[in-house]
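Each chain, written out:
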Amino acid sequence: MKNLLRFFILIIPIGGILFFYNILTEDKFYPGASFKNTSVPQFELLSLQSKSPLINDDLNNEMLLNVWASWCITCRIEHGFLMKLKSEGITITGLNYKDEASDAIDWLNLYGNPYNYNLHDLKGSLALDMGVTGAPETFLIKNGVVLVHYSGEVNQGIWDKVFLPIIQDNEMFK
Amino acid sequence: MKRIILLSFIFLSSVSFSSEVYIFKSKADERRFYELIHEVRCPKCTSGSIASSNAPVSEDLKIKIAELINEGYSNKEIKDYARARFGNEVLYDPEINSTTLFLWFGPFLFLAIVFLGFIFRRKIG
């Protein structure tokens, strides 16, 4: 009985250490990423630049949807990486979130435009429907299904570890 | 007198800045709304219900919940709406399922282990 007790006294801290070591060093542990394969909700928004109406059918078959705003500082940091993705031939559509159209257009003119076009979500209605909590957030979408939803800045590290495996599995952007 | 004026400022300000934004078909719906917004966590905050938060996403979520109530959605459907988008942690009272089982009953398990350990310890003594 005494041995059993000793065993427990040992096993509890060792178990704790292993548990946290496992969680903290796990390569796949990205709190911002979710892979729930939901469909893109129905929407009807205006294009930021041309003001023409846009609906689900206007989305490309294989694309990134990037939630951004001119007031969002992290979006400015992320912007350089999005430009790089664009130069590699990845289609990025912008979801301009709770932003004045004129501010957003000025921002794109000033820093460069990585987007093929932008949905202007002034009220954040589509964003709410997609579970967006702020900006920046990025969705990887294939045929209207969200394969990856990432909250936070996408950079090379996140791209390689979170997005690329899914892109390769689904043979996208060939 | 001065105190009364100051106090009246405090009470009147809450009246003039809250409510009246959401319009419901019945008192019961309104009650449901206030219950629900206390049960849904603000997705952007560390901890706090959307009732206590004025983060943009909480404001949107409150407007959406009001809309869904007026469209006749049940409480469960509204909670499912929030959970599908913001995950299990968006509800203050998590449902009992396979992933939350440990969360609900883990403490009792722990208590049982400690209790058993205590009994054995006494026997050895």
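Reading guide: rules and limits
Residues numbered from 1 in each chain as written. Chains lettered and ligands numbered in written order. Predicted model: local features only at pLDDT ≥ 70, side-chain atom pairs only at ≥ 80, totals over all residues. Buried ≥ 20, exposed ≤ 12 C-beta atoms within 10 Å, placed from the backbone. Helix = DSSP H or I, 4+ residues; strand = E, 2+ residues; numbered from the N terminus. Pairing = 2+ DSSP bridges. Right-handed = clockwise from strand over helix to strand, strands pointing away. pLDDT = per-residue confidence, 0-100. Axes fitted to C-alpha atoms, helices over the stretch in contact; angles between N-to-C directions. Left-handed = near helix turned anticlockwise from the far one by under 90°. Contact = placed C-beta atoms within 7 Å. Nonpolar A, V, L, I, M, F, W, Y, C, P; charged D, E, K, R; others polar. Domains from an automatic or database assignment.

Draft legend 1. The arrangement of the pairing of strand β7 (residues 118–121) of chain A in detail. Residues and elements named next belong to chain A. Residues Asn118 and His120 point to one face of β7 and Leu119 and Asp121 to the other, with burial holding for every one of them. Note that strand β3 (residues 44–47) and β7 share 2 bridges and pair antiparallel. Across the sheet, residue Ser47 finds its bridge partner in β7, namely Leu119. Bridge count for strand β6 (residues 92–97) against β7 is 4 bridges, and the pairing is parallel. Bridged to Gly94 within β7 is Asn118. Handedness of the crossover is the feature at issue here: the chain leaves β6, passes through helix α3 (residues 101–111), returns alongside β7, and the resulting connection is right-handed.

Draft legend 2. A look at the confidence of the model for chain B. Residues and elements named next belong to chain B. Confidence along chain B averages 85 in pLDDT terms, with 90% of residues attaining 70 or more. Of all secondary-structure elements in chain B, the lowest mean pLDDT belongs to helix α1 (residues 2–17), at 69, while helix α2 (residues 27–39) reaches the highest, 93. Interface confidence for the predicted complex, expressed as ipTM, amounts to 0.76; the pTM equals 0.78.

Draft legend 3. Highlighting the packing of α2(B) against helix α3 (residues 56–70) of chain B. Residue and element names in this part refer to chain B. Two elements in contact, α2 and α3, have axes whose closest approach is 10 Å; the angle formed by their N-to-C orientations is 145°. Of the two elements, α2 crosses α3, and the hand of that crossing is right-handed. For the pair α2 and α3, contact is made by Asp29, Arg32, Phe33, Leu36 and Ile37 and by Lys62, Ile65, Ala66 and Ile69, respectively. When the residues that make up the contact of α2 with α3 are grouped by side-chain class, the tally is 6 nonpolar, no polar and 3 charged.

Draft legend 4. Up close: the domain arrangement of chain B. Domain boundaries assigned for chain B yield domain 1 (21–94) and domain 2 (97–125). Placing the centre of domain 1 of chain B and that of domain 2 of chain B at their C-alpha centroids yields a distance of 36 Å.

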